[in-house]
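Single-letter residue listing:
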Amino acid sequence: MAGVLATAGVMYVANGGKPMGGASGASAECEVTVTADILNVRTGPADTEPIVSTLRLDAVVKAERTVQNGFRQLSDGHWVKDDFVTPTSDGDCG
């Protein structure tokens, strides 16, 4: 019994302290934190696309793994300049 517990403990530590095999039932989502004072949110992945809103410094938003032309896609389909966001420590942005 002690061997089984030790093995489980090693697997837990090896996986960065997260449960193995998706036992939690939910995978980590990609979330990013805004690092600019004000960040423009655009309709597409280019500086020429219309601005639909802005995000403020330290805002945390759900995002996708998709980065195109230097822009990261947000979960709502809009885009932000990837240079001005950083993945959260517990998010999975690939």
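Please read all numbers here as calculations on a predicted model, not as lab measurements.

K.L.:
Can you lay out the overall build of the chain for me, pointing to particular residues and giving the numbers?
P.N.:
What the chain contains, in helices and strands, is 1 helix and 7 strands. Each helix (α) and strand (β) of the chain, taken in turn from the N terminus, gives the series α-β-β-β-β-β-β-β. Taking all 94 residues of the chain together, the buried fraction comes to 23%. Of the contacts made within the chain by residues no fewer than 6 positions apart, 52% connect residues no fewer than 24 positions apart.

K.L.:
Got a sec to walk through the nonpolar core? Specific residues and values, please.
P.N.:
Counting 12 residues, the largest nonpolar core consists of Cys-30, Val-32, Val-34, Leu-39, Val-41, Leu-55, Val-61, Ala-63, Leu-74, Val-80, Val-85 and Cys-93. Breaking this core down by element, the ones donating at least two residues are β1 (31–34), β2 (38–42) and β4 (60–68). When sequence neighbours within four positions are dropped, the list of residues in contact with Ala-63 reads Cys-30, Glu-31, Val-32, Arg-72, Gln-73, Leu-74 and Ser-75.

K.L.:
Please give an account of the pattern of salt bridges that cites residues and values.
P.N.:
Where charged atoms of side chains with opposite charge meet at close range, the side chains can pair. Counted by the stated rule, this structure contains 4 salt bridges. Here Glu-29 ties to Lys-62 by a salt bridge, and the two come within 2.7 Å at their closest N and O atoms. Of this pair, Glu-29 sits in the loop between α1 (2–14) and β1 while Lys-62 sits in strand β4; the two residues are 33 residues apart in sequence, bridging distant segments of the chain. Accessibility expressed as a relative area gives 46% for Glu-29, which makes it partly exposed. Residue Lys-62 is classed as partly exposed on the basis of its relative accessible area of 41%. One salt bridge in this structure joins Asp-82 and Arg-72, with 3.0 Å as the shortest N-O distance. Here Asp-82 is found in the loop between β6 (79–81) and β7 (85–87), whereas its partner Arg-72 is found in strand β5 (residues 71–74), with 10 residues between them in sequence. Assessed through its relative accessible area of 22%, Asp-82 is described here as partly exposed.

K.L.:
Help me get a handle on the side chain of Arg-42, residues and values and all.
P.N.:
Counting through the fold element by element, Arg-42 comes out in strand β2. Within the buried set, Arg-42 has no salt-bridge partner at all; the shortest N-O distance to an opposite charge, 4.4 Å, is to Asp-47. With residues up to four places along the chain from it excluded, the contact list for Arg-42 reads Asp-47, Glu-49, Pro-50, Ile-51, Val-52, Phe-71, His-78 and Trp-79.

K.L.:
Please set out the environment of Val-60 residue by residue, giving values where relevant.
P.N.:
Tracing the chain through its elements places Val-60 in strand β4. Judged by its relative accessible area of 46%, Val-60 falls in the partly exposed class. The sequence separation of Val-60 and Thr-35 amounts to 25 residues, and the corresponding C-alpha distance is 9.9 Å.

K.L.:
Describe the environment of Val-85, naming the residues involved and giving the relevant values.
P.N.:
Within the element layout of this structure, Val-85 appears in strand β7. Along the chain, Val-85 and Leu-39 lie 46 residues apart, while their C-alpha atoms are 8.9 Å from each other. With near-sequence residues (within four places) excluded, Val-85 lies in contact with Val-32, Thr-33, Val-34, Thr-35, Leu-39 and Val-80.

Conventions and cut-offs
Residues numbered from 1 in each chain as written. Predicted model: local features only at pLDDT ≥ 70, side-chain atom pairs only at ≥ 80, totals over all residues. Heavy atoms only, no water. Helix = DSSP H or I, 4+ residues; strand = E, 2+ residues; numbered from the N terminus. Buried < 20%, exposed > 50% of the residue type's maximum accessible area, 1.4 Å probe, protein only. Contact = heavy atoms within 4.5 Å. Core = buried A, V, L, I, M, F, W, Y, C linked by side-chain atoms within 4.5 Å. Salt bridge = Lys/Arg side-chain N within 4 Å of Asp/Glu carboxyl O. Lys, Arg positive; Asp, Glu negative; His and termini not counted.

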